Amino acid sequence: DIDEEKRKEISLVEKSEKDFLTNLLNKSSFDTRVKEFLTDAGIVNCHHALVILDIDNFRQINETLGYLSGDSIIMDFIETIKHNIRSEDIVGRLGGVSFAILIKNYGNRAMLKTQLQIICDELHREVVNENITCTVTASIGCALFPEHSTSYKELFGKANEALYFSQT
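Residues numbered from 1 in each chain as written. Predicted model: local features only at pLDDT ≥ 70, side-chain atom pairs only at ≥ 80, totals over all residues. Heavy atoms only, no water.

Moving on to the side chain of Asp-31. Topologically, Asp-31 is positioned in helix α2 (residues 27-41). A distance of 2.5 Å separates polar atoms of two side chains, one belonging to Asp-31 and the other to Tyr-152. (Helix = DSSP H or I, 4+ residues; strand = E, 2+ residues; numbered from the N terminus. Polar contact = N/O pair within 3.5 Å; in protein donor to acceptor, adjacent residues only side chain to side chain.)

And the structure:
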């Protein structure tokens with residue numbers, strides 16, 4: 001049956017593009033989708049934000065609460081992000097506890113700043129497991145297209161640099 005074969009092939013391709021735990025795009029797929037979007041979007045009247053987020057001190061959280069709690073925290077983190085972005089935005093897992101979002105046509109800087117502040121505020125929480133409490137926070141870095149760069153590689157580098165700066 002050709003239809004069944006085609007469905008299996010499509011399913012395999014989709015699985016290869018996704019992160020196994022979060023079902024988000026993996027780094028390679030995220031990079032490809034964002035590069036294609038930025039190339040197609042052009043520069044005219046388009047303002048996009050490339051955002052990188054890291055869960056702070058995650059190793060300590062895993063060691064204190066356990067790996068199952070760590071996975072649960074990652075999934076809660078993802079749900080918080082998804083709740084605060086639009087379906088047309090692109091989100092992916094870069095690896096470990098690093099995630100990226102391309103916020104398409106963010107409007108103006110004030111709106112973007114408010115949106116990112118809401119995400120950070122909602123990601124900040126106390127997690128309790130067997131009477132042990134850990135604080136979960138996130139660091140965030142952002143670069144703007146086309147203001148900071150029109151190249152995905154440079155944009156990613158600037159967002160990563162901003163992330164590093166936010167962690168210090």
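This part covers the nonpolar core. Val-51, Leu-53, Ile-55, Ile-73, Phe-77, Ile-101 and Ile-103 are the most contacted members of the largest nonpolar core, which has 31 residues in total. Setting aside residues up to four positions removed in sequence, Ile-101 forms contacts with Phe-30, Ala-49, Leu-50, Val-51, Leu-53, Ile-81, Ile-85, Asp-89, Ile-90 and Val-91. Core analysis: the second largest hydrophobic core is formed by 18 residues, Leu-25, Tyr-152, Phe-156 and Ala-159 among them. (Core = buried A, V, L, I, M, F, W, Y, C linked by side-chain atoms within 4.5 Å. Buried < 20%, exposed > 50% of the residue type's maximum accessible area, 1.4 Å probe, protein only. Contact = heavy atoms within 4.5 Å.)

What follows is about the environment of Arg-86. Within the element layout of this structure, Arg-86 appears in the loop between α4 (67-83) and β2 (90-95). Overall, the relative accessible area of 32% leaves Arg-86 in the partly exposed class. Residues Arg-86 and Ile-103, 17 residues apart in the sequence, show an inter-C-alpha distance of 8.1 Å.

Relative orientation of the contacting elements helix α3 (residues 58-65) and α4 amounts to 135°, with a least axis distance of 6 Å. Our classification of the angle between α3 and α4 gives oblique. Within the contact between the two elements, α3 uses Phe-58, Ile-61, Asn-62 and Leu-65 and α4 uses Tyr-67, Ser-69, Gly-70, Ile-73 and Ile-74. Across the contact of α3 with α4, the residue classes break down as 6 nonpolar, 3 polar and no charged. (Axes fitted to C-alpha atoms, helices over the stretch in contact; angles between N-to-C directions. Parallel < 35°, antiparallel > 145°, perpendicular 65-115°, else oblique. Nonpolar A, V, L, I, M, F, W, Y, C, P; charged D, E, K, R; others polar.)

It is worth spelling out unusual backbone geometry at this point. The omega angle of the peptide bond from Phe-145 to Pro-146 is 5°, so this bond is cis rather than trans. Mapped onto the secondary structure, Pro-146 falls in the loop between β6 (138-145) and α6 (152-167). Even without being glycine, Asn-23 reaches a positive phi, approximately 65°. Tracing the chain through its elements places Asn-23 in the loop between α1 (2-17) and α2. The phi torsion at Asn-131 lies on the positive side, around 65°, for a residue other than glycine. On the secondary structure map, Asn-131 appears in the loop between β4 (125-129) and β5 (132-136). Here Asn-131 falls in the exposed class, since its relative accessible area comes to 77%.

Space inside the largest pocket adds up to approximately 160 Å³. Forming the walls of the largest pocket are Lys-18, Asn-23, Leu-24, Leu-25, Lys-82, Ile-85, Arg-86, Ser-87, Asp-89, Ile-90 and Val-91. Here the residues of the lining of the largest pocket are counted per class, giving 5 nonpolar, 2 polar and 4 charged. (1 Å grid on protein atoms, 1.4 Å probe; cavity = no way out; pocket = protein on both sides within 12 Å on 5 of 7 lines; lining within 4 Å. Points joined across faces, edges and corners; volume = space filled by probe spheres on them.)

The next thing to look at is the environment of Gln-115. For Gln-115, the location among the structural elements is in helix α5 (residues 109-123). Its relative accessible area of 19% is what places Gln-115 among the buried residues. Along the chain, Gln-115 and Thr-80 lie 35 residues apart, while their C-alpha atoms are 12 Å from each other. For Gln-115, the residues in contact, after removing those within four places along its chain, are Asn-84, Ile-85 and Ile-103.

Moving on: α4. For α4, built from 17 residues, the straight-helix expectation of 24 Å at 1.5 Å per residue is met to within 8% by its first-to-last C-alpha distance of 24 Å. Of all the residues in α4, the buried ones are Ser-69, Gly-70, Ile-73, Ile-74, Phe-77, Ile-78, Thr-80 and Ile-81. (Expected span 1.5 Å × (residues − 1).)

All right, on to the packing of α4 against α5 then. At a minimum axis distance of 10 Å, the contact between α4 and α5 shows a crossing angle of 155°. Taken together, the axes of α4 and α5 lie roughly antiparallel to each other. Once α4 is placed against α5, the crossing between them reads as right-handed. When α4 is examined against α5, the residues Phe-77, Thr-80 and His-83 are found in contact with a partner set consisting of Ile-119, Glu-122 and Leu-123. The class makeup of the residues in the contact of α4 with α5 is 3 nonpolar, 2 polar and 1 charged. (Left-handed = near helix turned anticlockwise from the far one by under 90°.)

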